[in-house]
Every structure is written in C-alpha cells, then in structure tokens.
Amino acid sequence: MKTGMLLLAIGLITGGGIWKGFSEKPGMRETMFQMEAEAKVLKKAIESRLTLPVFYDSIPDMRHTIPTDPDEVTEGYKVMAEENIRLRKAIFKAGNPKPVFNRYITSCVKCHESHCPGPINRILKLKVQ
Ligand code: HEC
C-alpha cells in the first residue's frame, strides 16, 4: 500500500516519465537509426542490381515510438510518417525499386525539413544516382 502511494507520487512528479523505462515502446531516435541502416543496405543492393533483402518487419512503426521531444508528434508528422511507411513497403514490391526507393528517401527528407533538420544532408546521400 505504502509502496503503491510512493510510486504514484514519483509517477506524478516525473510526469509519467519513470514508466517509460518499463514500457515496451522503442525510442524514435533508435528507430530512425535502424531505418537509416536499412536504407544503406537497400541503396547498395539497388546500385549493384542485387536482389533486395526481404522486407524487414521488425523495424518499429515510427508513429508508435517515444520521441526525444514529445512535441515532434504533430498531425503533420503522423501523415508524413504514414506516407513514408507506405513507400518503404512499396520498395520491396516494385519491379524496378530505384524510383520508389528515391521517393522514399525524399519523403524522409520532407519530414526532416519541418521536424529535425540536422541529418538532412546525410539522408540525401542515401539517394541512388
Ligand atoms: C514523419 C517524420 C520523419 C520521417 C518520415 C523520417 N524521420 Fe528521421 N527523424 C524524425 C524526427 C522527429 C527525429 C528526432 C527523433 C528523436 O530525437 O526522438 C528523427 C531522427 C532521425 C535521425 C537521428 C538524428 C540524430 O542524430 O539524432 C536520423 C539519422 C534520421 N532521423 C534518419 C531518417 C531516415 C534515413 C529516414 C527515412 C528512411 C527518416 N529519418 C524518416 C522525423 C522523421
């Protein structure tokens, strides 16, 4: 009983932040690094005209991740995230993946223009020439 009250108090003080440590939700930043790593592999495969690896379903859906700054998750973010996820899936189904992959990277950049401009140049380099 006392422990419960204490945890409740800590929860209120930290704005619920303490519970994040216990939740299964992955971090948004870590998820982005996974997406970036995958995009590098896909770029190499497309440039070398190799068969693409299978769609890697275990990269978390960015809409259900914990952002460093909760204000990142706006309506616009959700719409752009949905489009980005749709394009990512389409790469693996495309007969010619190159244009779809480049559209996918453009959609990463588009969101970053309004949400997190830091890595834009790095992301642009992922495009297949
Ligand atoms: C719908 C918006 C959106 C899309 C689409 C998106 N990002 Fe992000 N990205 C963000 C936000 C917001 C952050 C900041 C996350 C945080 O710190 O919690 C971020 C963070 C990152 C970071 C980490 C930057 C750093 O050093 O902290 C990298 C790298 C990154 N994204 C690459 C990508 C790549 C590559 C793609 C596409 C394959 C992509 N992103 C698609 C919004 C997006």
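The structure reproduced in this document is the subject of the present report. (Residues numbered from 1 in each chain as written. Predicted model: local features only at pLDDT ≥ 70, side-chain atom pairs only at ≥ 80, totals over all residues.)

## Section: the packing of helix α4 (residues 75-93) against helix α5 (residues 97-115)
Packed helices, taken two at a time, are described by the angle their axes make and the gap between the axes. To keep it simple, the criterion reads: Every angle, taken between N-to-C directions, lies between 0 and 180 degrees, and every axis is a line fitted to C-alpha atoms, over only the stretch in contact when it is a helix. For the purposes of this entry, the term helix denotes a DSSP run of H or I that reaches at least four residues, the term strand denotes a run of E that reaches at least two, and both are numbered from the N terminus. Roughly parallel here means an angle under 35 degrees, roughly antiparallel means over 145, roughly perpendicular means 65 to 115, and every remaining angle is called oblique. Crossings are assigned a handedness: left-handed for a near helix turned anticlockwise from the far helix by less than a right angle, right-handed for a clockwise turn. Two residues qualify as being in contact provided that their C-beta atoms, derived from the backbone, are within 7 Å of each other.
Here α4 crosses α5 at 165°, and the two axes come no closer than 9 Å. It follows from the interaxial angle that α4 and α5 lie roughly antiparallel. For the pair α4 and α5, the crossing hand works out as left-handed. Every residue of α5 that contacts α4 at Gly76, Tyr77, Met80, Glu83, Asn84, Leu87, Arg88, Ala90 and Ile91 is listed here: Pro97, Val100, Phe101, Arg103, Tyr104, Ser107, Cys108, Lys110, Cys111, Ser114 and His115.

## Observations concerning unusual backbone geometry
Selection criterion: In this scheme the burial state of a residue depends on its C-beta neighbours within 10 Å: 20 or more other such atoms mean buried, 12 or fewer mean exposed, and anything in between means partly exposed; the C-beta positions come from the backbone.
Even without being a glycine, arginine 49 presents a positive backbone phi close to 55°. Owing to 7 C-beta atoms within 10 Å, arginine 49 belongs among the exposed residues under this scheme.

## Considerations on α4
We apply this condition: Between the first and last residue of a helix there are one fewer steps than residues, each counted as 1.5 Å, and that sum is the expected span. The directions from the helix axis to the C-beta atoms form the arc being described.
Helix length check: α4 (19 residues) gives 28 Å between terminal C-alpha atoms against 27 Å at 1.5 Å per residue, within 8%. Along α4, the residues classified as buried are Met80, Ala81, Asn84, Arg88 and Ile91. The buried residues of α4 occupy one face: seen down the axis, they fall within an arc of 105°. For α4, exposure combined with an orientation more than 90 degrees from the buried face picks out Glu75, Lys78, Val79, Arg86, Lys89 and Lys93. Its buried side turned inward, α4 meets α3 (28-47) and α5.

## What about the environment of glutamate 30?
The residue glutamate 30 is located in helix α3 in this model. Its 12 C-beta neighbours within 10 Å are what place glutamate 30 among the exposed residues. Note: C-alpha distance between glutamate 30 and isoleucine 66 (36 residues apart in sequence) is 9.5 Å.

## Overview of the site of the ligand
Going by this rule: Nearness rests on one distance test: the residue's C-beta atom, set from the backbone, must lie within 6 Å of the molecule or strand. Three categories are distinguished: nonpolar for Ala, Val, Leu, Ile, Met, Phe, Trp, Tyr, Cys and Pro, charged for Asp, Glu, Lys and Arg, and polar for the others, with Gly belonging to the last.
Every one of the 23 residues lining the ligand counts as a neighbour, but Met32, Thr68, Asn84, Cys108 and Cys111 are closest to it. Looking at which element gives the most residues to the shell around the ligand, the answer is α3, with 7 residues. Class assignment for the residues of the shell around the ligand results in 14 nonpolar, 6 polar and 3 charged.

## Structural notes on the nonpolar core
Across soluble globular proteins, nonpolar side chains show a tendency to be buried alongside one another. Put simply, the test is: Note on definitions: a nonpolar core is a set of buried residues drawn from Ala, Val, Leu, Ile, Met, Phe, Trp, Tyr and Cys, linked by C-beta atoms within 7 Å.
Leu42, Ile91, Phe101, Tyr104, Ile105, Cys108 and Ile123 together form the largest nonpolar core, which totals 7 residues. Counting residues per element, this core draws most heavily on α5, at 4 residues. For isoleucine 105, the contacting residues outside a window of four places in its chain are Ala39, Ile123, Leu126 and Lys127.

Treat this as a map of the structure, not an account of what it does.
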